[in-house]
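Residue-level structural notes
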Amino acid sequence: MDSSSAPLNQGQRDRYQADGFLVLRGLLGESEIAELRAEAERLLQRTDLIDSDNIRCRWQNHAETGECRFDCFDPVIDLSAVCESVARDPRILDAVSALYGEPACLFKDKLIFKPPGALGYGMHQDYISWDSFPTSFVTVIVAIDAADADNGATEVFPGCHQQGCLSPRDGMYHELTEDQVDVSRGVVLDLNPGDIAIFSGYTPHRSAPNRSDQWRRLLYLSYNSMSDGGERREQHYAEFKTWLQDRYAEYDKVNTFFR
Ligand SMILES: O=C(O)CCC(=O)C(=O)O
């Protein structure tokens, strides 16, 4: 492949290596975003699935009222051929593969709806120290709606990915404390519909509440490199479901299911 047709140029690859994230503008066109938006609206009507015992669903409190509301489907591609085709889109796979220098494999997929008022996520790294968890994990955000500081866009902390895993290696999810990163260097991922952002599993990130009156719908697609375990999305979700059910059981929530 010559450099003009390469999915990423050397400058972009260098920036990703230095910063742990990269934004690519306008990767998806207007009609593709319109289709994703319609799909997000259709999925929100799946009241047969949106159930607090369904471990596919993630929940978030309202920043002011404290009301707990539906926030995310994880996974989502088995519910949506449109989301699956974006997750396996060659433009995205080629960009991630260019960062790896080898083929990328889909590992995880979620659709975060973040309705008006929803709280965001505390600072964390996506890498979690399970034996089977790929160290090559990267996430691609696909913006369905515009994301900005007002509606709680994801904020990343450049350069910190070079330190690797910053949490205890005990297989649990951990938030990071503000003294673990230079918070003054945070970059809010301002995205327009159709833009994508790519960040490493070691890149600390967080998001603020959605203070706007608009939804902030983003697809979060995660990948691993072929040499780091190959195709293992199914294995991941099998392990993830068991892990999640164990976490719920710790709070005496034992009637959970996956649908
Ligand atoms: O919604 C966001 O901006 C962040 C989501 C996130 O960090 C996650 O799902 O791991």
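Structure report, in brief. (Residues numbered from 1 in each chain as written. Predicted model: local features only at pLDDT ≥ 70, side-chain atom pairs only at ≥ 80, totals over all residues.)

Let us look at the site of the ligand. Around the ligand, a shell composed of Ile112, Lys114, Gly120, Tyr121, Asp126, Thr154, His205, Ser207 and Tyr220 is seen. Residue classes in the shell around the ligand are distributed as three nonpolar, four polar and two charged. (Near = placed C-beta within 6 Å. Nonpolar A, V, L, I, M, F, W, Y, C, P; charged D, E, K, R; others polar.)

The next point concerns the sheet that holds strand E5 (residues 138-143). In spatial order, the strands read E1-E8-E5-E10-E4-E3-E2; together these seven strands make up an open sheet with antiparallel pairing. The two strands at the open ends of the sheet, each matched to only one other strand, are strand E1 (21-24) and strand E2 (57-61). Averaged over all pairs of adjacent strands, the angle between strand axes in this sheet comes to 25°, irrespective of strand direction. Relative to strand E8 (residues 196-200), E1 is paired through four bridges, and the arrangement is antiparallel. The residue bridging Leu24 from the neighbouring strand is Ile196, located in E8. (Pairing = 2+ DSSP bridges. Helix = DSSP H or I, 4+ residues; strand = E, 2+ residues; numbered from the N terminus. Axes fitted to C-alpha atoms, helices over the stretch in contact; angles between N-to-C directions.)

Now for helix H4 (residues 90-100). Regarding H4, the residues found buried are Ile92, Ala95, Val96 and Leu99. Along the axis of H4, the buried residues cluster in a sector spanning 90°; they form a single face. Packed against the buried residues of H4 are helix H1 (10-19), E1, strand E4 (104-112), E5, E8 and strand E10 (218-225). Phi turns positive one or two residues past the end of H4, at Gly101, with a value near 75°. (Buried ≥ 20, exposed ≤ 12 C-beta atoms within 10 Å, placed from the backbone. Arc of directions from axis to C-beta. Contact = placed C-beta atoms within 7 Å.)

With that settled, the discussion passes to unusual backbone geometry. Note the cis peptide between Asp74 and Pro75, where omega equals 10°. Backbone geometry at Lys114 places phi at a positive 40°, although glycine is not the residue there. Tracing the backbone through its elements, the reader meets Lys114 in the loop between E4 and E5. Overall, Lys114 belongs to the buried group, with 27 C-beta atoms counted inside 10 Å. The residue Asp252 is not glycine, and still its phi comes out positive at about 60°. Residue position: Asp252 is located in the segment after helix H5 (233-249).

Turning our attention to the pairing of E10. The buried count for E10 comes to seven of eight residues, which makes it a mostly enclosed element. Sheet topology note: the E4/E10 ladder contains eight bridges and is antiparallel. Bridge pairing links Leu106 to Tyr223 in E10. Of the pairings in the sheet, the one linking E5 to E10 comprises six bridges and is antiparallel in character. Paired with Val140 across the bridge in E10 is Leu221.

Along the polypeptide, Leu176 turns up in the loop between strand E6 (154-156) and strand E7 (187-188). Assessed through the 18 C-beta atoms surrounding it within 10 Å, Leu176 is described here as partly exposed. The spacing of Leu176 and Gly122 is 54 residues in sequence and 7.7 Å in space, taken between C-alpha atoms. Once you skip the residues sitting within four places of it in the chain, Leu176 turns out to touch Met123, His124, Gln125, Leu166, Ser167, Val181 and Pro204.

With that settled, the discussion passes to the sheet that holds E7. Read from one edge of the open sheet, three strands run E7-E6-E9, paired in antiparallel fashion. Single-partner strands in this sheet number two, and they are E7 and strand E9 (205-207). Bridge count for E6 against E7 is two bridges, and the pairing is antiparallel. Note on E7: the bridge partner recorded for Val156 is Val187.

Time to look at the pairing of E4. In terms of burial, E4 is largely enclosed, as nine of its nine residues are buried. Judged from the two bridges that link them, strand E3 (residues 68-73) and E4 form a sheet pairing that is antiparallel. Bridging across to E4, Phe73 finds its partner in Leu111.

As for its placement among the helices and strands, Gln180 is situated in the loop between E6 and E7. Spatially, the C-alpha atom of Gln180 lies 7.8 Å from that of Leu166, the residues being 14 residues apart in sequence.

Let us now look at the environment of Thr242. Within the secondary structure layout, Thr242 lies in helix H5. The class for Thr242 is exposed, based on 11 C-beta atoms found within 10 Å. In this structure the C-alpha to C-alpha distance between Thr242 and Gly66, which are 176 residues apart in sequence, comes to 28 Å.

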